[in-house]
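# Observations on the model geometry
Listed here are the chains, written in short residue letters.
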Amino acid sequence: MSDKFDVIFIGAGPAGYVGAIRAAQLGLKTACIDAFAGKDGKQALGGTCLNVGCIPSKALLDSSRQFHNLTSHFDAHGISADNARIDIPTFVGRKDKIVKQFTGGVATLFKANKITPYFGTGKLLKGNQVEITGNDGSKQTISATNIVLASGSVPIELPFARFDGKAIVDNAGALDFTEVPKRLGVIGAGVIGLELGSVWKRLGSDVTIIEALPDFLGVADPDIAKVAQREFKKQGLDIKLGAKLGKAEVKKDGVHLTYSDKDGEQQLVVDKLLVAVGRRAYTTGLLADDTGVKLDERGRIVVDEHCHTGVDGVWAIGDAVRGPMLAHKGSEEGVAVAEWIAGKSGHVNFDTIPWVIYTEPEIAWAGKTEKELKDAGIPYRVGSFPFAAIGRAVAMNEAVGQVKMLAHAETDRILGVHMVGPGVSELIAECVVAMEFKGSSEDLARIVHAHPTLSEAVHEAALSVDKRAIHKGN
Ligand code: FAD
Ligand code: NAD
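Attention here is on the structure that accompanies the text. Since the structure is predicted, the reported quantities are computational estimates derived from the model, not experimental observations.

Tallying secondary structure elements over the chain gives 13 helices and 22 strands in all. Taking 474 residues into account, the globule formula puts the C-alpha radius of gyration at 23 Å, and the chain, at 24 Å, falls close to it. Principal-axis analysis of the C-alpha atoms places the extent of the chain at approximately 75 × 60 × 45 Å. For the chain, the residues scored as buried account for 50% of the 474 residues in total. Looking at the chain as shown, the accessible area adds up to about 22100 Å², and 52% of this sits on carbon and sulfur atoms. Within the chain, one finds 54 positive and 58 negative side-chain charges whose respective centroids are separated by 2 Å.

It is worth spelling out the side chain of Ser63 at this point. You can see Ser63 is positioned in helix α3 (residues 54-73). Note on Ser63: relative accessible area 14%, which makes it buried. If sequence neighbours within four positions are ignored, Ser63 has contacts with Phe91 and Arg94.

This next bit is on the packing of helix α1 (residues 16-25) against helix α4 (residues 88-112). Look at α1 against α4: their axes get within 10 Å of each other, and the N-to-C directions meet at 20°. By the angle class used here, α1 and α4 are roughly parallel. Two packed elements cross with a definite hand, and for α1 against α4 that hand is left-handed. Only Val106, Leu109 and Phe110 of α4 make contact with α1, whose side of the interface consists of Tyr17, Ala20 and Ile21. A class-by-class count of the residues in the contact of α1 with α4 yields 6 nonpolar, no polar and no charged.

The subject of this paragraph is the pattern of salt bridges. All told, the structure shown has 26 salt bridges when counted by the stated rule. With a closest N to O distance of 3.6 Å, Asp263 and Lys262 form a salt bridge. Each member of the pair, Asp263 as well as Lys262, is classed as exposed. Members of the salt-bridge network, linked through shared partners, are Lys39, Lys95, Asp96 and Asp176.

Quick look at the nonpolar core now. Side chains of nonpolar character tend, in soluble globular proteins, to be buried together. Membership of the largest hydrophobic core comes to 37 residues, with the highest contact counts inside it found for Phe216 and Ile363. Those elements that provide at least two residues to this core are α3, α4, β9 (183-187), α6 (191-202), β10 (206-210), α7 (222-235) and β19 (362-367). Top contributing element to this core by residue count: α7, with 5 residues. Among residues more than four places away in sequence, those in contact with Ile363 are Leu217, Ile224, Ala228, Phe232, Trp355, Val356, Ile357, Met419, Val420 and Val424. With 30 residues, the next largest nonpolar core counts Ala366, Ala393, Met419 and Val424 among its residues.

Reading guide: rules and limits
Residues numbered from 1 in each chain as written. Chains lettered and ligands numbered in written order. Predicted model: local features only at pLDDT ≥ 70, side-chain atom pairs only at ≥ 80, totals over all residues. Heavy atoms only, no water. Helix = DSSP H or I, 4+ residues; strand = E, 2+ residues; numbered from the N terminus. Rg over C-alpha atoms; globule rule 2.2 N^0.38 Å. Buried < 20%, exposed > 50% of the residue type's maximum accessible area, 1.4 Å probe, protein only. Areas by Shrake-Rupley, 256 points an atom, 1.4 Å probe, with all protein chains shown as cover. Lys, Arg positive; Asp, Glu negative; His and termini not counted. Charge placed at Lys NZ, Arg CZ, Asp CG, Glu CD. Contact = heavy atoms within 4.5 Å. Axes fitted to C-alpha atoms, helices over the stretch in contact; angles between N-to-C directions. Parallel < 35°, antiparallel > 145°, perpendicular 65-115°, else oblique. Left-handed = near helix turned anticlockwise from the far one by under 90°. Nonpolar A, V, L, I, M, F, W, Y, C, P; charged D, E, K, R; others polar. Salt bridge = Lys/Arg side-chain N within 4 Å of Asp/Glu carboxyl O. Core = buried A, V, L, I, M, F, W, Y, C linked by side-chain atoms within 4.5 Å.

Here's what the structure looks like:
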């Protein structure tokens, strides 16, 4: 007889595993199926985020930042260290330990919450059954009243630069180089290209990023993107905009790239090539032909605003559905679906999902951009404040960037906040809280912010909306 659950999650990334924990907390008999195997071949729960995404990339970003500070920034503080070296096996090994700690942590949480894990590939069958194919080929079928598809995403592959796992790699490969590539090519100046390009640049690679679009970081506010672009250039990241890759050939002496830009056809030889041109929803082998679950033109599972697929008892969340491909967005959908299934009122506010890019300087934003407000005909006022006038930032020798706040011209409600500078990954949280509570710039302006802290940049930007910033001309 097959095992029967209240809810089965297919996929144990931040969408599926968080949703499963919430479902179990609500008293639902819960199972979670995941196919991801770690370096030891054993099940590694946590999906892209914990295994080859957010956590390992931040581990390498932090180590490389420490090394870069030592070699490039500490002299300004009067600190010198001769012959600084980095040991790559230790650098990558530290990251692997962190990954193991966190994937193991999810297994422990599953045990504590009495969630049944299954190791294998889940396929949704008609009638809320799921067939699980183990990595050894064995098959079993389980069923549930509700099934949540949380199969995540995978890197997009370019037909003329196929991943070989050695010279041409995706994010997973670029987290596991065994030595610092002398010349690193990156296709795509998006989030992964900038974060992982920064990691290897800080350790000494010559990094060239080839970006098809003519504008840098089009997803961010242009004022913020401009500062970031200037800083990345200073750091030596060679970002070629409006450049289209035509060919990538692996030869003995490296990967030979042919790309075209406004000046015509160009050649570049690199030792490693990271292709980071976006990710696509992953649904291979997930759905039997007759389930009734639909995919959109981009291969994403079609859902309504409640993450429901339209098929009785079948839901979908995370990177596999519409919306930004962010871990916290998937997790919140997982929680909301568990609550809807349990008859409670789940909730995800898509208008206040924060974005963070963990480069140096960091980039963060939430809410609308000026362009979105202009296009929608919404009247707004802008306030901004530079970190150059923030005592704490200057004391840290990291006084680069600014906070920019957009508030409704009549109601003063905060509509968007955009930042580039030190610690903005943390500063954005205050603005998200304010926006979630439908706060105004005056609300933030009237709140006492500790001195000297980086958060004073948020306070001053809020004051500046009303042209009354204290430490700059208005
Ligand atoms: P995933 O994390 O992709 O998990 C899906 C899981 O389902 C996988 O384990 C997969 O093996 C499994 N699976 C798929 N199909 C099946 C099946 N049929 N049966 C069984 N199992 C299956 N986001 C952030 O918010 N912050 C960051 O800093 C950040 N950094 C990133 C850095 C990198 C290098 C990358 C690649 C991504 C990063 N992301 C970041 C994005 C983040 O990783 C994703 O948005 C997030 O992991 C999506 O969660 P998910 O649960 O929807 O899918
Ligand atoms: P991305 O969408 O951020 O960037 C891809 C870039 O590649 C774009 O600028 C695009 O114009 C460019 N591009 C596309 N095709 C190209 C081509 N043929 N030649 C040259 N350039 C090309 O995608 P990504 O960097 O692969 O990351 C995928 C997703 O993962 C992100 O969008 C984000 O949702 C998530 N992620 C988030 C974080 C974070 O939150 N800090 C970090 C990493 C990844």
